[in-house]
Amino acid sequence: MAELQFREAIREALNEEMRRDESIVIMGEEVAEYNGAYKVTQGMLDEFGSKRVIDTPISELGFAGIGVGAAMNGLRPIIEFMTFNFALVGIDQILNNAAKLRYMSGGQISIPMVFRGPNAGAGQLGATHSVSYESLYAHYPGLKVMYPSEPGDAKGMLKTAIRDNNPVIFLESEQMYGMKGYVPDEEDYIIPMGKAKIKREGTDVTLVAHGKAYHVAVQAAQQLAKDGIECEIIDPRTIKPFDMETVIESVKKTNRCVVVDESHPFGGIASEVGFQIQRDAFDYLDAPVLRVCLPDVPAPFAKNLYDLWFLDKKQVIDAVNTVTYRN
């Protein structure tokens, strides 16, 4: 295994897939000459040339649409958004075209493409740069949504996304690009889509978390272990299709669940996961499913307010203490 930064793991996946398949192109703002806004595509212009690594104007609607058209005509585009907050400018192409054309054409048209880039809170960048969009995209039929939490997962999941014949939303936490982790060095490392992973075994409560929220859950579990509470942590990895089977089996063992989700509470991933648990594992629950989410307010800019707004391990510990009746 090699220890790589999150951005390096993503770059490895992109390079390996572009060497494997000449129909893959990457487009986005500053992906070529500038090596990517977050240096994910560093060196790729030199290797693959300007016909496959393409700088675009600042027009998300335009290059998202070009990507959809290219996918319809035999290419496998990877569209990089400088942030998924800006993808809202091109959301008509994502939701009305990429997500629906295969269905509306009766399967005659495939849209093998990936929309990828930074997502969710990025510190003091203001409310318009701090939204976690996985629940929005997961709402729409025709899209698959993936959200890795660690560098090793990022590489294996992105390779899977690129090979899929449907449009995939691939979300990367903006604050995790410099995070280091071990990445398997096997020749073709692939992580199946729609398969969660139990990343910490436990017996007392199930924690479900992804993205930065996963790392908050890990911190909480480490603290709780000192008090004799063993948390089982499940990283769903793929948001849609969501691996509820793994979650349900864990809840049947622990009889309790807390969902930690870097989204706002109403209509988020935590709401859906909580509903499905009570539907399919109600008789196994010894306490209500709780969720730890962001407040129902936009992200503040001031650091002291942002720190209060964002998730922390104390919130998770409090929720676990509630479902284990320690509060």
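Structure first, text after, so check above.
Residues numbered from 1 in each chain as written. Predicted model: local features only at pLDDT ≥ 70, side-chain atom pairs only at ≥ 80, totals over all residues. Heavy atoms only, no water.

1. A few points about the sheet that holds strand E14 (residues 290-292)
Spatial ordering of the open sheet is given by E9-E11-E10-E13-E14, a layout of five strands whose pairing is mixed. At either margin of the open sheet sits one strand with a lone partner, and together these are strand E9 (197-200) and E14. Between one strand axis and the next, the sheet turns through 25° on average, direction left out of account. Judged from the three bridges that link them, E9 and strand E11 (residues 231-235) form a sheet pairing that is antiparallel. (Pairing = 2+ DSSP bridges. Helix = DSSP H or I, 4+ residues; strand = E, 2+ residues; numbered from the N terminus. Axes fitted to C-alpha atoms, helices over the stretch in contact; angles between N-to-C directions.)

2. A word on the packing of aromatic side chains
Describing an aromatic ring pair means giving the distance of the ring centres and the angle of the ring planes. As enumerated under the stated definition, the model contains eight aromatic pairs in all. On the numbers, 5.9 Å between centres and 35° between planes, the contact of Phe63 with Phe81 is tilted. On the criterion of sequence distance, the pair formed by Phe63 in helix H3 (residues 60-72) and Phe81 in the loop between strand E4 (76-80) and helix H4 (91-98) is long-range, its members being 18 residues apart. Geometrically, the ring pair formed by Phe81 and Phe84 is edge-to-face, given 5.4 Å between the ring centres and 70° between the ring planes. Both residues of the pair, Phe81 and Phe84, count as buried. An aromatic cluster is built from Phe63, Phe81, Phe84, Phe115 and Tyr137, whose rings are joined through pairwise contacts. For the cation-ring pair, Lys39 lies above Tyr34, with the distance from its terminal atom to the ring centre recorded as 3.5 Å. (Phe/Tyr/Trp six-rings, centres within 6.5 Å; stacked < 30°, edge-to-face > 60°. Buried < 20%, exposed > 50% of the residue type's maximum accessible area, 1.4 Å probe, protein only. Lys NZ or Arg CZ within 6 Å of the ring centre and 35° of its normal.)

3. Thoughts on the environment of Ala32
Structurally, Ala32 can be placed in the loop between strand E2 (24-28) and helix H2 (44-48). Judged by its relative accessible area of 4%, Ala32 falls in the buried class. What Ala32 contacts, discounting residues up to four positions off in sequence, is Leu45, Val53 and Asp55. (Contact = heavy atoms within 4.5 Å.)

4. Overview of the pairing of strand E5 (residues 114-119)
For E5, the tally of buried residues reaches six of six residues, placing the bulk of the element in the interior. Sheet analysis places E4 next to E5, joined by three bridges and oriented parallel. Looking across to E5, one finds that Ile78 is bridged to Val114. The sheet contact formed by E5 and strand E7 (residues 168-173) spans six bridges and is parallel. Among the inter-strand pairings, Pro118 is bridged to a residue of E7, identified as Glu172.

5. Some thoughts on helix H10 (residues 269-281)
Taking 1.5 Å per residue, 13 residues should reach 18 Å; H10 reaches 18 Å between its end C-alpha atoms and fits that length. Where H10 is concerned, the buried positions are Ile269, Ala270, Val273, Gly274, Gln276, Ile277 and Ala281. The buried residues of H10 all sit within an arc of 165° when viewed along its axis, so they share a single face. Buried residues in H10 make contact with helix H6 (134-138), strand E12 (238-240), helix H9 (244-254), strand E13 (257-260) and E14. (Expected span 1.5 Å × (residues − 1). Arc of directions from axis to C-beta.)

6. A closer look at helix H7 (residues 151-163)
For H7, spanning 13 residues, the distance from its first C-alpha to its last is 19 Å, which sits close to the expected 18 Å at 1.5 Å a residue. Counting buried positions along H7 gives 12 out of 13 residues, so the element sits mostly inside the fold.

7. Considerations on the nonpolar core
Within the largest apolar cluster, 43 residues are counted, with the highest numbers of intra-cluster contacts made by Phe81, Phe84, Ile94, Phe115, Tyr137, Ile169 and Ile277. Looking at this core element by element, the count peaks at five residues for H10. Sequence-distant contacts of Ile169, defined by excluding residues within four places in its chain, comprise Phe84, Ile94, Phe115, Tyr137, Leu143, Lys144, Val145 and Met146. Judged by nonpolar contacts, the second largest core, of 29 residues, contains Ile78, Met146, Met157 and Met193. (Core = buried A, V, L, I, M, F, W, Y, C linked by side-chain atoms within 4.5 Å.)

This is a description of form; function is not addressed.
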